[in-house]
Amino acid sequence: MIAKTLLGAGLLASMTLLSSAALAQTVGFSQIGSESGWRAAETTVTRQEAEKRGIDLKFADAQQKQENQIKAIRSFVAQGVDAILLAPVVATGWDAVLQEAKEAEIPVILLDRMVDSDKDLYLTAVGSDLVHEGEVAGKWLVDEVGDRECNVVELQGTTGSSPAIDRKKGFEQAIADASNIKIVRSQTGDFTRAKGKEVMESFLKAEGGDTICALYAHNDDMAVGAIQAIKEAGLKPGSDILVVSIDAVPDIFQAMAAGEANATVELTPNMAGPAFDALAKYQADGTEPPKFIQTESKLYTQADDPMKVYEEKKSQGY
Amino acid sequence: MNPRLLPFLATVVIFVVAYVICWLQFPAMLSTRVIGNLLTDGAFLGIVAVGMTFVILSGGIDLSVGSVIAFSGVFVAVMLRDTGIHPVPVFVLLLAITTAFGAAMGLIIHVLQMPPFIVTLAGMFLARGMAYVLSVDSIPIAHPFYDWVQTAYWLMPGKGRLTLIGATMLAVFVAGILLAHRTRFGANVFALGGGVQTARLMGVPVGRTTVLIYALSGLLAGLSGIVFSFYTSAGYSLATVGVELDAIAAVVIGGTLLTGGSGFVAGTLIGVLIMGLIQTYITFDGTLSSWWTKIIIGALLLAFIVLQKALLDITAKRASAREAG
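Rules of the game
Residues numbered from 1 in each chain as written. Chains lettered and ligands numbered in written order. Predicted model: local features only at pLDDT ≥ 70, side-chain atom pairs only at ≥ 80, totals over all residues. Domains from an automatic or database assignment. pLDDT = per-residue confidence, 0-100. Contact = placed C-beta atoms within 7 Å. Buried ≥ 20, exposed ≤ 12 C-beta atoms within 10 Å, placed from the backbone. Helix = DSSP H or I, 4+ residues; strand = E, 2+ residues; numbered from the N terminus. Pairing = 2+ DSSP bridges. Axes fitted to C-alpha atoms, helices over the stretch in contact; angles between N-to-C directions. Parallel < 35°, antiparallel > 145°, perpendicular 65-115°, else oblique. Nonpolar A, V, L, I, M, F, W, Y, C, P; charged D, E, K, R; others polar. Core = buried A, V, L, I, M, F, W, Y, C linked by C-beta atoms within 7 Å. Left-handed = near helix turned anticlockwise from the far one by under 90°. Expected span 1.5 Å × (residues − 1). Arc of directions from axis to C-beta.

**What to know about the domain arrangement of chain A**
Often the size quoted for an interface is simply the accessible area lost on bringing the parts together.
Moving on, step 1. With domains assigned, chain A is organised as domain 1 (2-127 + 269-287) and domain 2 (130-267 + 302-314).
Moving on, step 2. Measuring from the centre of the C-alpha atoms in domain 1 of chain A to the corresponding centre in domain 2 of chain A gives 36 Å.

**Quick word on the confidence of the model for chain A**
Moving on, step 1. Of all residues in chain A, 92% attain a pLDDT of 70 or more, and the chain-wide mean is 90.
Moving on, step 2. pLDDT under 50 marks residues 10-23 of chain A. Its contacts with residues more than four places away, or in other chains, come to zero contacts.

**Observations concerning the pairing of strand E1 (residues 26-31) of chain A**
Residues and elements named next belong to chain A.
Moving on, step 1. Counting buried residues along E1, five of its six residues qualify, which places the element largely inside the surrounding structure.
Moving on, step 2. Note that E1 and strand E2 (residues 56-61) share six bridges and pair parallel. Paired with glycine 28 across the strands is lysine 58, a residue of E2.
Moving on, step 3. Bridge count between E1 and strand E3 (residues 83-86): four bridges; the pairing is parallel.

**Quick word on the packing of helix H9 (residues 184-193) of chain B against helix H11 (residues 206-232) of chain B**
Residues and elements named next belong to chain B.
Moving on, step 1. It is at 10 Å that the axes of H9 and H11 come closest, and there the two elements cross at 100 degrees. On the basis of their axis angle, the class for H9 and H11 is roughly perpendicular. For the pair formed by H9 and H11, the contact residues are Phe185, Asn188, Val189 and Leu192 on the first element and Val206, Thr209, Leu212 and Ile213 on the second.
Moving on, step 2. Here the contact of H9 with H11 is composed, by residue class, of six nonpolar, two polar and no charged.

**Examining the nonpolar core**
Moving on, step 1. Judged by nonpolar contacts, the single largest core of 141 residues is most densely connected at Ile109 of chain A together with Val48 of chain B.
Moving on, step 2. In terms of residue count, the dominant contributor to this core is H11 of chain B (14 residues).
Moving on, step 3. The residues contacting isoleucine 109 of chain A, other than those within four sequence positions of it, are Ala83, Leu85, Tyr122, Leu123, Thr124, Val126, Ala275 and Leu279 of chain A.
Moving on, step 4. Of all hydrophobic cores here, the second largest spans 49 residues; its members include Ala137, Trp140, Cys150 and Val309 of chain A.

**A look at the packing of helix H8 (residues 164-182) of chain B against H11 of chain B**
All names here are of chain B.
Moving on, step 1. Relative orientation of the contacting elements H8 and H11 amounts to 165 degrees, with a least axis distance of 10 Å. Classified by the angle between their axes, H8 and H11 sit roughly antiparallel to one another. Classified by chirality, the crossing of H11 by H8 is left-handed. The segment H8 lies against H11, with Ile165, Thr168 and Val172 engaging Leu220, Val227, Phe230 and Tyr231.

**Overview of the pairing of strand E5 (residues 124-127) of chain A**
Residues and elements named next belong to chain A.
Moving on, step 1. In terms of strand pairing, strand E4 (residues 108-111) meets E5 through three bridges, oriented parallel. The partner of isoleucine 109 across the bridge, within E5, is threonine 124.
Moving on, step 2. Here E5 runs beside strand E11 (residues 292-294); their pairing, made up of three bridges, is parallel. Bridge pairing in E11 places valine 126 opposite isoleucine 293.

**Considerations on unusual backbone geometry**
Excluding glycine, a negative phi dihedral is what most residues carry, and trans is how most peptide bonds are arranged.
Moving on, step 1. The phi torsion at aspartate 190 of chain A lies on the positive side, around 60 degrees, for a residue other than glycine.
Moving on, step 2. Along the chain, aspartate 190 of chain A turns up in the loop between strand E7 (181-188) and helix H7 (193-207).
Moving on, step 3. In the Ramachandran plot, lysine 159 of chain B falls in the positive-phi region, its phi being about 70 degrees despite a non-glycine side chain.
Moving on, step 4. Relative to the elements of secondary structure, lysine 159 of chain B occurs in the loop between strand E2 (153-155) and strand E3 (161-163).

**A closer look at the sheet that holds E5 of chain A**
All names here are of chain A.
Moving on, step 1. What the six strands build is an open sheet, ordered E2-E1-E3-E4-E5-E11; its pairing is parallel. Strands with a single pairing partner mark the edges of an open sheet, and in this sheet they are E2 and E11. If you compare each strand with its neighbour and ignore which way they point, the axes differ by 20 degrees on average.
Moving on, step 2. Each of E1, E2 and E3 is contacted by helix H3 (residues 66-79), which is oriented at about 175 degrees to E1, the strand it contacts most.

**A word on the interface of chain A and chain B**
Moving on, step 1. On the side of chain B, 23 residues touch chain A, which itself brings 23 residues to the contact.
Moving on, step 2. Residue assignment for the side of chain A that touches chain B shows that the elements contributing at least two residues are E2, H3 and helix H4 (95-103) of chain A.
Moving on, step 3. In terms of residue count, the dominant contributor to the side of chain A that touches chain B is H3 of chain A (10 residues).
Moving on, step 4. Partitioned by chemical class, the residues of the side of chain A that touches chain B number nine nonpolar, seven polar and seven charged.

**Looking at helix H6 (residues 116-134) of chain B**
Count 3.6 residues to each turn of an α-helix, and residues three or four apart come out pointing the same way.
Residue and element names in this part refer to chain B.
Moving on, step 1. When the terminal C-alpha atoms of H6 are compared, their 27 Å separation across 19 residues agrees well with the 27 Å that a helix rising 1.5 Å per residue should span.
Moving on, step 2. Of all the residues in H6, the buried ones are Pro116, Val119, Thr120, Gly123, Ala127, Arg128 and Ala131. Angularly, the buried residues of H6 cover 165 degrees about the axis, an arc narrow enough to put them on a single face. Those residues of H6 that are exposed and aimed more than 90 degrees away from the buried face are Phe125 and Val133.
Moving on, step 3. Turning to H6, the residues buried within the fold contact helix H4 (65-82) and helix H5 (87-111).

**A word on the environment of threonine 159 of chain A**
All names here are of chain A.
Moving on, step 1. Take threonine 159: it is sitting in the loop between strand E6 (150-156) and helix H6 (162-175).
Moving on, step 2. Counting along the chain gives 24 residues from threonine 159 to isoleucine 183, while the straight-line C-alpha distance between them is 18 Å.
Moving on, step 3. Ignoring sequence-local partners within four residues, the contact set of threonine 159 consists of Ala164 and Thr188.

**With respect to the sheet that holds E6 of chain A**
Strand pairing in a sheet is mediated by backbone hydrogen bonds. Such pairs are either parallel or antiparallel.
Residues and elements named next belong to chain A.
Moving on, step 1. A sheet is described by the order of its strands in space; here six strands give the open sequence E7-E6-E8-E9-E10-E12, paired in mixed fashion. With partners counted over all chains shown, the strands left at the sheet margins are E7 and strand E12 (299-301), one partner each. Sheet twist, expressed as the average angle between the axes of neighbouring strands with direction ignored, equals 20 degrees.
Moving on, step 2. Taken together, the four bridges between strand E9 (residues 242-247) and strand E10 (residues 263-266) define a ladder with parallel strand orientation. In the strand pairing of E10, valine 244 is matched with alanine 263.

Spelled out as structure tokens, the structure:
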């Protein structure tokens with residue numbers, strides 16, 4: 001008798017479990033890989049955001065190969081997931097597989113990068129506006145220096161890459177109205193720490209350390225390298241030469257805590273949060289989100305408790 | 001029972017057992033959708049693995065195929081972008097190039113008596129380099145013919161799709177099975193794998209057969225490149241890095257002896273399907289690292305090599321026992 005009751009209770013419990021499982025959303029996430037700290041953080045944050053919302057996230061790491069991403073998307077379709085997140089490794093070649101997802105009525109949301117396919121084939125794309133990032137950095141500098149004359153040196157990203165072009169453009173737009181701020185030198189530091197240091201050394205030699213008022217680097221890594229160069233030249237980064245850069249990786253917060261860097265603009269790894277929100281709205285009442293959802297480009301300065309942010313960022317797997 | 005059948009049977013058993021395990025955990029795995037995906041996703045690997053089976057059966061190796069696939073994709077994409085030629089003549093031209101490329105490697109291997117490993121390694125760098133010279137960017141292919149091929153599929157009951165490229169792979173396997181097990185050329189390939197000296201004594205035209213084997217591998221790598229270009233609608237010089245190693249793994253897991261002389265083309269198909277199945281399982285599970293695919297394939301490879309070695313020892317012992325008796 002007791003055994004029977006237990007069995008019945010067990011059955012009932014498992015049935016409720018099953019029904020709650022049926023209600024829970026399943027979302028597939030095809031990630032490029034883990035080639036950079038930022039990408040690893042994006043994966044971590046996506047998992048956290050899914051967990052927060054009670055979404056069952058199916059994660060597939062493509063190891064930088066498009067064929068693996070196509071396979072993963074097909075498997076997600078076969079599995080009948082409720083939605084698919086895709087961070088595409090290249091822009092081309094997605095038409096057929098996106099069409100297949102569309103026919104199965106599974107919405108696809110692009111994260112962080114775009115594809116060349118027709119806009120009808122995906123629900124929306126979540127990403128950062130690179131020009132806007134440059135603008136935020138430029139605006140910070142304009143507010144910081146006030147009326148003071150300011151000669152800026154710029155460390156560009158890899159020549160011809162879209163972040164380098166757009167972050168330069170945004171910064172220039174922001175300082176266009178401030179006649180006291182001039183970019184005196186601009187060269188590529190290839191997004192790397194070593195190259196950033198090397199190019200900054202040549203800037204310091206060519207211009208003389210006293211005449212440079214600020215450094216704008218297209219990413220934090222180059223800024224960290226340049227800070228080293230400034231210190232070796234006997235100057236104080238952060239006060240003698242202001243340092244502003246983009247990305248908000250953990251190391252720049254350490255430099256900010258030490259007073260050696262002034263500001264950074266965050267390229268947020270949280271692309272999934274806005275994506276899940278748009279998805280929830282779409283599934284609730286069919287609200288079509290805009291085709292591009294811009295993430296916030298948040299400015300961090302020394303006033304934002306850099307050590308605390310550093311600890312937070314470290315735990316995200318950068 | 002013929003002990004040479006054992007590795008093949010082991011492959012089939014592993015595939016069936018693995019599929020049942022997957023099905024018990026995820027009932028959706030046993031759907032025509034997944035089966036269609038296995039065929040479509042495995043198409044380019046399967047086609048090139050047929051060529052690899054012949055090469056390995058003959059006791060050789062062909063490391064160039066992954067690069068040849070990438071070269072083929074870029075070649076087709078560039079030709080379609082820069083000229084108004086229809087894709088079909090472009091395909092014919094491409095297949096002629098890759099076949100000649102394979103034949104040239106076969107000729108060098110035979111005439112200069114060089115190890116296939118070195119010659120095809122050179123071929124690998126050459127083909128990859130040529131792909132880069134044509135273009136370093138990923139070139140999209142937009143042609144009505146491509147759109148047509150991508151929509152050419154047979155909708156199986158249960159919404160699974162048997163695509164044209166999946167069907168192409170099956171056709172290549174049927175042709176490969178017939179060629180290996182029913183023709184004089186096939187018999188020559190097996191004989192060559194048993195040892196060049198004995199093959200020569202048996203009257204096998206060693207030079208001609210070697211050239212033909214690598215030409216066939218080049219032809220199928222070209223075909224695989226075309227299939228891959230349909231798969232991604234683009235040509236990209238960085239694509240399919242390491243596919244030659246996946247193909248070798250599929251051949252060995254399929255029960256072909258890595259030293260040559262024994263094996264089945266049909267086993268290679270199962271080998272390709274096993275690799276696809278592992279990947280599908282990992283995606284369905286969604287929490288495992290995708291690198292487990294490589295770990296499991298590595299473990300399977302090791303198991304098969306040990307199995308083959310054991311079988312070889314047993315047959316050798318039997319033979320010596322017979323001589324002694």
